[in-house]
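# Per-entry structural report
Letter by letter, the chains look like this.
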Amino acid sequence: QSIQENFHLSMLFSAMKDDVKDINILKGFTADEYVEIRRMIISMVLSTDMSRHFVLTKEFKELAENFGSNVDMWRESHDQLMCAVLHACDISNPAKPL
């Protein structure tokens, strides 16, 4: 599943591993920070898979209904929020006027 998204992730982390062009944006982080940031990047990129669109939309609607404008409650679900924002950005491009 998520063939294209997994390919993109593979290319990203391969390029950063090779570090030929000094593009490893994660090299200054500790091992624990690296693992957490890598996990978040993977989660966010996989959330752009359109096969998960309706699941992501449903989850976000439930969060919005449960949390409303309570910022403290949203902090607990910041991963889901970042995935929803990136997915929205990803699908909004075709909606732009030519």
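Just so we're clear, the structure is a prediction, and the values are computed from it rather than from any experiment. (Residues numbered from 1 in each chain as written. Predicted model: local features only at pLDDT ≥ 70, side-chain atom pairs only at ≥ 80, totals over all residues. Heavy atoms only, no water.)

### What about the overall build of the chain?
Check the secondary structure of the chain and you find 5 helices and 0 strands. The helix and strand sequence of the chain, counted from the amino end, reads α-α-α-α-α. For a compact globule of 98 residues, the expected C-alpha radius of gyration is about 13 Å, and the chain comes in at 16 Å, more than 25% above that figure. Each principal axis of the C-alpha atoms in the chain carries an extent, and together these give about 45 × 35 × 30 Å. Split into buried and exposed, the 98 residues of the chain put 22% on the buried side. Sequence-distant contacts in the chain: of pairs separated by 6 or more residues, those separated by 24 or more amount to 56%. When the accessible area of the chain is evaluated, it comes to approximately 7,500 Å², of which 61% is carbon and sulfur surface. (Helix = DSSP H or I, 4+ residues; strand = E, 2+ residues; numbered from the N terminus. Rg over C-alpha atoms; globule rule 2.2 N^0.38 Å. Buried < 20%, exposed > 50% of the residue type's maximum accessible area, 1.4 Å probe, protein only. Contact = heavy atoms within 4.5 Å. Areas by Shrake-Rupley, 256 points an atom, 1.4 Å probe, with all protein chains shown as cover.)

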